[in-house]
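A structural walkthrough
Here is how the chains run, residue by residue.
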Amino acid sequence: MSESPRKEPVDKARRVTRRRSERRATSLLSHGEPMVWLTGGALAIASLMILGLLALVLWHGLPTFWPGPLVQVQTHAGRTLAGEVSVTERFAPEPSVVEALPEGVRAAARSELERGEGRTRRRMLRTGNYELSGSHFNWVSDLEIASESEPEWLVLVERLSWGRFYGTPRAITIDGARTEGEPGVLWARFEEHHDEVRARWERRRELEVVEIGEVNHRMEAARLRVRAAELASGVDSDEARAARGESQRVATAAEEDFRSLQAQIATLREQNARYTLELETADGARATLALEEVVRAFAPNRLGTAARLGVYVDRTLEFLVDEPREANSEGGVFPAIFGTVLMTLIMAVLVVPFGVLAALYLREYARPGPIVSAVRIAINNLAGVPSIVFGVFGLGFFCYIVGVQVDELLFAAKLPTPTYGKGGLVWASLTLALLTLPVVIVPTEEALSSVPSSMREGSYACGATKWQTIWRIVLPRAMPGIMTGMILALARGAGEVAPLMLVGAVKLAPELPLDATAPFLHAERSFMHLGFHIYDLGFQSQNSEAAKPMVYTTTLLLIALVVTLNLLAIWIRARLRRRFQGNQL
Amino acid sequence: MNYAPAISGHVFEAISKNEPFPAEVHASLASEAHVLEIERFDLWYGKSRALHSITLSVPRGKVTALIGPSGCGKSTLLRSVNRMNDLIDSVRIEGEMRLNGDPIYAPGQDVIELRKRIGMVFQKPNPFPMSIFENVIYPLRIDGERDRRVLAEVCESSLRGAGLWDEVKDRLNDSALRLSGGQQQRLCIARAISAQPEVLLLDEPCSALDPIATARIEDLIEELKGNYSILMVTHNMQQASRSSDFTAFMYLGRLVEYGPTQDIFLQPHLKETEDYISGRFG
Ligand SMILES: Nc1ncnc2c1ncn2[C@@H]1O[C@H](COP(=O)(O)OP(=O)(O)O)[C@@H](O)[C@H]1O
Ligand SMILES: [Mg+2]
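Here's a quick rundown of the structure. (Residues numbered from 1 in each chain as written. Chains lettered and ligands numbered in written order. Predicted model: local features only at pLDDT ≥ 70, side-chain atom pairs only at ≥ 80, totals over all residues. Heavy atoms only, no water.)

1. What about the overall build of chain A?
Rule in force here: Each helix corresponds to a stretch of at least 4 residues labelled H or I by DSSP, and each strand to a stretch of at least 2 residues labelled E; elements are numbered beginning at the N terminus. Here the globule rule reads 2.2 Å times residues to the power 0.38, and the radius of gyration is calculated from C-alpha atoms. Burial status follows relative accessibility: with a 1.4 Å probe on protein chains alone, a residue under 20% of its type maximum counts as buried, one over 50% as exposed, and anything between as partly exposed. This count recognises Lys and Arg as positive and Asp and Glu as negative, with His and chain-terminal groups excluded. To locate a charge, take NZ of a lysine, CZ of an arginine, CG of an aspartate or CD of a glutamate.
Looking only at helices and strands, chain A has 18 helices and 13 strands in total. At 34 Å, chain A has a C-alpha radius of gyration far larger than the 25 Å of a compact globule built from 585 residues. Counting only C-alpha atoms and orienting by the principal axes, one finds that chain A spans roughly 115 × 95 × 45 Å. The 585 residues of chain A split such that 42% are buried. Where the 64 positive side-chain charges of chain A centre and where its 65 negative ones centre are 13 Å apart.

2. Description of helix α9 (residues 305–321) of chain A
Residues and elements named next belong to chain A. So the rule is basically this: In this analysis, the expected span of each helix is defined as 1.5 Å times one less than the number of residues it contains. The directions considered for the arc run from the helix axis to the C-beta atoms.
Taking 1.5 Å per residue as the helical rise, α9 with its 17 residues ought to reach 24 Å, and the 24 Å between its terminal C-alpha atoms agrees with that figure. Buried residues of α9: Arg308, Val311, Tyr312, Arg315, Glu318 and Phe319, and no others. The buried residues of α9 occupy one face: seen down the axis, they fall within an arc of 125°. Of the exposed residues in α9, those oriented more than 90 degrees away from the buried face are Ala306 and Val321.

3. A few points about the nonpolar core
Nonpolar side chains in soluble globular proteins generally cluster together in the buried interior. The condition is simple: Nonpolar core, defined: a set of buried Ala, Val, Leu, Ile, Met, Phe, Trp, Tyr and Cys residues in which side-chain atoms within 4.5 Å join the residues together.
Core analysis: the biggest nonpolar cluster contains 52 residues, and Ile132, Leu159, Leu172, Leu187, Leu224 and Ile230 of chain B have the highest contact counts within it. In terms of residue count, the dominant contributor to this core is helix α8 (residues 181–193) of chain B (six residues). Leu360, Ala433, Leu437 and Val497 of chain A belong to the second-largest nonpolar core, a separate cluster that totals 50 residues.

4. Remarks on the packing of α8 of chain B against helix α9 (residues 211–224) of chain B
Residues and elements named next belong to chain B. Defined as follows: Think of each axis as a best-fit line through the C-alpha atoms, taken over the contacting stretch in the case of a helix, with angles from 0 to 180 degrees between the N-to-C directions. Any angle between 65 and 115 degrees counts as roughly perpendicular, while under 35 counts as roughly parallel, over 145 as roughly antiparallel, and the rest as oblique. Definitions for this section: a left-handed crossing has its near helix turned counterclockwise from the far helix by less than a right angle. A right-handed crossing has that turn clockwise. The contact definition used throughout considers only heavy atoms, calling two residues in contact when any of these lie within 4.5 Å. Throughout, the ten residues Ala, Val, Leu, Ile, Met, Phe, Trp, Tyr, Cys and Pro are labelled nonpolar, Asp, Glu, Lys and Arg are labelled charged, and all others, Gly among them, are labelled polar.
Here α8 crosses α9 at 20°, and the two axes come no closer than 9 Å. The orientation of α8 with respect to α9, classified from their angle, is roughly parallel. Judged by the twist between their axes, the crossing of α8 over α9 is right-handed. Contacts between α8 and α9 involve Gly182, Gln185, Arg186, Ile189 and Ile193 on the former and, on the latter, Ala213, Arg216, Ile217, Leu220 and Leu224. Broken down by class, the residue content of the contact of α8 with α9 amounts to six nonpolar, two polar and two charged.

5. Quick word on the pattern of salt bridges
Test applied: Salt bridge criterion: a side-chain nitrogen from Lys or Arg within 4 Å of a carboxyl oxygen from Asp or Glu.
This model, assessed by the stated rule, comprises 57 salt bridges over all chains. For Arg178 of chain A, the salt bridge identified is with Glu278 of chain A, shortest N-O distance 2.6 Å. Placement of Arg178 of chain A in strand β8 (residues 177–180) and of Glu278 of chain A in strand β9 (residues 276–280) is noted, with a sequence separation of 100 residues between them. Assessed through its relative accessible area of 13%, Glu278 of chain A is described here as buried. Its salt-bridge partner being Arg92 of chain B, residue Glu94 of chain B comes within 3.8 Å of it at the nearest N-O pair. The class for Arg92 of chain B is partly exposed, based on a relative accessible area of 43%. One connected set of salt bridges, linked through shared partners, spans Glu158, Arg296, Asp314, Arg315 and Glu318 of chain A.

Any functional reading would require information beyond the geometric quantities listed.
Okay, here's the thing in structure tokens:
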């Protein structure tokens, strides 16, 4: 009924008339101009911080594997140092530093300091040769330097232990025959034979780790069968006796395999022992390195850009696909990548269905009311619980209660060695699933509630049951929202470290949680994780200066991994969304 | 026009006094076979009463139009037929409805099975977020039909029935949401007829569409006539007069007059009906 507009004139007389304000222009505030600046500024600051963080990680992380030039410096005090420059900074030296210089250079040092307003440059050289010098790094200030050069044949050796070695080749022993001579000649010999020595070493590793591991596994399995039979039917039962006999036979056979493997290993070892490289360090000391210990060696000052790029790529590949060495500060992080991805995926597989079911009940079945609201608030607040608390819960509940029960029921033969009664992949995934549950439930609920009721009604009118409607209409339509929840959970879960330290992430895992022995996925094993790896490198490492670039590089890798997982999920979501686009009336 | 309505004025008076009054039902309806019989049907939304003792029978194979001002209970009556009102907690009903003699509100009635016998098309097209094909055969899918040949056949015949086949036959696997509004509504009609319903309920099927799409739907209703028994709500007098065989005029939750469309439009028995049709109120 159209009444209100026409009634207005009648009411007008009784109304208090409001005059328009005198001001000519609408105020700046009501135009909203300052709000544009405020909101835009907030966004700009937020993006600057994120970009800054990314830039920092990229700046420090990307050059880690780049082989810089090697410098050799002679100090006035007569020391010779050689190595890579790893830090350059300006500092204000104590007056005593200048006093300690020989008389002839003091004046020059003073004027240099004056020009720099009391400051001068110092560099940290990675000088390596730890077994000779007892330190990996040395500071050297410009004041101390008498001369500096980049010797052509100064060689960088990356090796399995003791960190890097810097020196000039003086002699090489190939198959027991020692040759002295020009570095260039020796180097050709080195490059000729290094690969075969390394191949033998790799074969030896394989024998030691995989094949001996397999023999041990056989013996352990037989021993467990004995124990299981004893537990099941008593120590003196026929079964136990049969199992013991069988175990005896297995052990004898294994012993034989073991001896033959040992013999092969000894042969390889002996062969490799006949290959060594002798280097002279910058201060004139000599060292003999076993060739099989050398992972990679090259003379950086001889390399052109292309060759350096080759080293860079080679090192990056090693980082991605190899196992770590030197307390994780060298080598690769493959087990950590593997552990992170596997743990995150298992977490997603656990949390998404669980979260979706919970959200479905909350949104579709539960009668709205104070209880449902309370549950919803509780779930939201779960996201605010410190993650270490989840770790404690995971350890206390999953590992020590559920895990111990599982061990008693299924792995009694192995006790007292725990199988599931300790931190492991499955418990870590479950703990993180719990942690990320709210992150899945909240967007899922939102997505469910945004499914138009006209669609539900249409489905009911066709004679669909509630569940059919949910399964065929509501869930597919809510799928992009559910994917959003999954993306958030992936990002949250992959970057989480604190709870993992309690429920299964370790510094160095002997085996991957996925391998070729049944049951293939070993959910009870502890695993390596990139986040934990970063923490370990940065805060627990002996050689923290050498580990620092690796911290950034590993962070970069973790970020890249999370971004990759997310992009994958976003791509799937975009594909789903395209299905629901169209002429929505 | 020298025709004068027989009775006048008693409807508003009775309503204002909240007294029951008999609906003016034309005699010619008695000779029809009825697919749906509604008897003394009342409905309350919580405390407010939306339907007052509606008694109305829908002839088989004909189009019956429900007209009346906004909020008079047309949609409510329609949604009572396939018990969509069960989904609203506050609804309470009294009275009886029978679909081909089968009591709709009998205590043991299986609502899911009942809805499969009734097709419904809503005011706003509501295709599902799936392909055109899956949309059309949705009623069969939820019924557990697996045979691809049957599904394809039903899909084609339903789309042909809804006059959409030629437009979509090459893109049955495209998302239904990408169709135009009019196409979406015809898709919903195809979906409703794919289950071979005993009665088809249309709730203002054209009110969200442009004139051309509306015309197509009206043509379609013309074609469906005879094969289907249709109960249709419409806001549009021309549509009612063009498309329907019978027209029921409702006002404030009551059935006022019900008869053959021609009679209702040209010589209604009640003055109220005439006033409404000629646009004097509503
Ligand atoms: N879900 C509901 N809850 C409460 N009242 C409703 C509901 N749906 C409709 N009504 C009321 O019932 C009356 C009839 O509505 P409706 O059947 O939609 O009218 P029409 O379709 O004829 O326009 C209106 O007064 C309306 O406010
Ligand atoms: Mg309506």
